[in-house]
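# Summary of structural features
Below are the chains, spelled out letter by letter.
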Amino acid sequence: MSEKEYRYADLKPEVVEEIRLTEKRISEKTGQPITLIAYRSDAAAEEDPTAMI
């Protein structure tokens, strides 16, 4: 994965909270701290630059 292909996703606060809850559930299941990182593909952004999850 190169920096040219992906950038950090610009997410709404409620989506960020969903990611945090998912991190917590996975961490509890595995017994290890887990961090999820959201990227967006630049190719997808070119199709619709205003799109936000």
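Residues numbered from 1 in each chain as written. Predicted model: local features only at pLDDT ≥ 70, side-chain atom pairs only at ≥ 80, totals over all residues. Heavy atoms only, no water.

### Describing a nonpolar patch on the surface
A cluster of nonpolar side chains, Tyr 6, Tyr 8, Ile 37 and Tyr 39, forms an exposed patch at the surface whose accessible area comes to about 450 Å². Among the structural elements, Tyr 6 can be located in strand 1 (residues 6-8). (Patch = residues over 30% accessible without salt bridge, like charges linked within 9 Å, V, L, I, M, F, W, Y side chains within 5 Å. Areas by Shrake-Rupley, 256 points an atom, 1.4 Å probe, with all protein chains shown as cover. Salt bridge = Lys/Arg side-chain N within 4 Å of Asp/Glu carboxyl O. Helix = DSSP H or I, 4+ residues; strand = E, 2+ residues; numbered from the N terminus.)

### Some details on the side chain of Ser 27
Structurally, Ser 27 can be placed in helix 1 (residues 13-30). Of note is the side chain of Ser 27, whose polar atom sits 3.2 Å from the backbone oxygen of Gln 32. When sequence neighbours within four positions are dropped, the list of residues in contact with Ser 27 reads Gln 32, Pro 33 and Ile 34. (Polar contact = N/O pair within 3.5 Å; in protein donor to acceptor, adjacent residues only side chain to side chain. Contact = heavy atoms within 4.5 Å.)

### A short note on the confidence of the model for the protein
Looking at the protein, pLDDT values average 83 and 72% of them are 70 or higher. The secondary-structure element of the protein with the lowest mean pLDDT is helix 2 (residues 42-47), recorded at 57, while helix 1 shows the highest, at 98. (pLDDT = per-residue confidence, 0-100.)

### Regarding helix 1
Under the 1.5 Å per step criterion, the end-to-end length of helix 1 is 26 Å for 18 residues, consistent within 8% with the ideal 26 Å. Within two residues after helix 1, Gly 31 carries a phi angle of roughly 75°, on the positive side. (Expected span 1.5 Å × (residues − 1).)

### A few points about the side chain of Glu 23
By the element assignment, Glu 23 lies in helix 1. Residue contacts for Glu 23: discarding those within four places in its chain leaves Ile 34, Thr 35 and Leu 36.

### Describing the packing of aromatic side chains
Applying the stated criterion to the full structure yields 1 aromatic pair. Between Tyr 8 and Tyr 39, the ring centres sit 5.2 Å apart and the planes meet at 15°, which makes this aromatic pair stacked. Of this pair, Tyr 8 sits in strand 1 while Tyr 39 sits in strand 2 (residues 39-41), and the two are 31 residues apart along the sequence. Residue classification places Tyr 39 among the partly exposed residues on the basis of a relative accessible area of 37%. (Phe/Tyr/Trp six-rings, centres within 6.5 Å; stacked < 30°, edge-to-face > 60°. Buried < 20%, exposed > 50% of the residue type's maximum accessible area, 1.4 Å probe, protein only.)

### Overview of the environment of Glu 5
Looking at the element boundaries, Glu 5 is found in the segment before strand 1. The exposure class of Glu 5 is partly exposed, given its relative accessible area of 44%. Spatially, the C-alpha atoms of Glu 5 and Tyr 39 are 9.6 Å apart, while their sequence positions differ by 34 residues. Discounting chain neighbours no more than four positions away, the residues touching Glu 5 are Arg 40, Ser 41 and Asp 42.

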